[in-house]
Amino acid sequence: ARGESYDLVVIDIAMPGLSGIETVRRAREKRPELRVLYATGYAETVGDDTRTGADRRIKKPFRLAELTTEVRNAIGRG
């Protein structure tokens, strides 16, 4: 909303009140090009979850090396 730009948003899918998926949907109303990496502790959302579209997903808990790889892939530098 303040005009700031980000290379990537890393967000949990399950959050109290407003889910990560809904948060991203709202953010993309203003920034459709927003790159997203979803984190989840639920195995079923790591697979083919249509709610996250083509965005990358990583299963918690994850190691730093896994996060690094997924961040690079999500921003297109992998």
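Cut-offs applied
Within each chain, residues carry numbers counting from 1 in the order of the written sequence. Reporting of local features is limited, given that this is a predicted model, to residues whose pLDDT is at least 70; pairs of side-chain atoms are given and counted only at 80 or more, and all residues count toward the totals for whole chains, interfaces and linings. In computing side-chain properties, one takes all heavy atoms of the structure into account and sets aside hydrogens as well as water. Put simply, DSSP H or I for four residues or longer makes a helix, DSSP E for two residues or longer makes a strand, and each gets a number counted from the N terminus. Any carboxyl oxygen of Asp or Glu that lies within 4 Å of a side-chain nitrogen of Lys or Arg is treated as forming a salt bridge with it. Exposure categories follow from relative accessible area, calculated using a 1.4 Å probe and restricted to protein chains: below 20% of the type maximum is buried, above 50% is exposed, and the middle band is partly exposed. Two strands are said to pair when DSSP picks up at least two bridges between them. Note on geometry: axes are lines fitted to C-alpha atoms, helical ones only across the stretch in contact, with angles between N-to-C directions running from 0 to 180 degrees. Residue contacts follow a heavy-atom distance rule, with two residues in contact if any of their heavy atoms lie within 4.5 Å. The criterion is simple. A nonpolar core is a set of buried Ala, Val, Leu, Ile, Met, Phe, Trp, Tyr and Cys residues joined through side-chain atoms within 4.5 Å.

Chemist: Quick one: what's the story with unusual backbone geometry, residue by residue and with numbers?
Modeler: In the segment running from Lys-60 into Pro-61, the intervening peptide bond is cis, with an omega of -5°. The topology assignment puts Pro-61 in the loop between strand S3 (56-59) and helix H2 (64-74).

Chemist: Any details on the pattern of salt bridges? Residues and values, ideally.
Modeler: Applying the stated criterion across every chain, the model contains six salt bridges. Close ionic contact of Arg-25 with Glu-29 constitutes a salt bridge, the shortest N to O distance being 2.7 Å. You can see Arg-25 and its partner Glu-29 sitting in helix H1 (residues 20-30), four residues apart, about one turn around the helix. Judged by its relative accessible area of 43%, Arg-25 is partly exposed.

Chemist: I'd like a rundown of the sheet that holds strand S2 (residues 36-40), residues and numbers included.
Modeler: Pairing is parallel in the open sheet, where three strands are placed in the order S1-S2-S3. In the strand order of this sheet, the two ends are held by strand S1 (9-12) and S3, each with one partner. Going across the sheet, the axis of each strand differs from the next one's by a mean of 25°, ignoring polarity. As paired elements, S1 and S2 share four bridges and run parallel to each other. Within the sheet, the bridge partner assigned to Ile-11 lies in S2 and is Tyr-38. In this fold H1 packs onto S1 and S2, with an angle of close to 170° to the strand it touches most, S2.

Chemist: Account for the nonpolar core, naming residues and giving values.
Modeler: If you look at the biggest cluster of nonpolar residues, it comprises seven residues: Ile-11, Ile-13, Ile-21, Val-24, Leu-34, Val-36 and Tyr-38. Counting only elements with at least two residues in this core, the list comes to H1 and S2. Setting aside anything within four residues of it in sequence, one finds Leu-34 in contact with Val-9, Ala-27 and Arg-28. Residues Leu-8, Ile-58, Ala-74 and Ile-75 belong to the second largest nonpolar core, which totals six residues.

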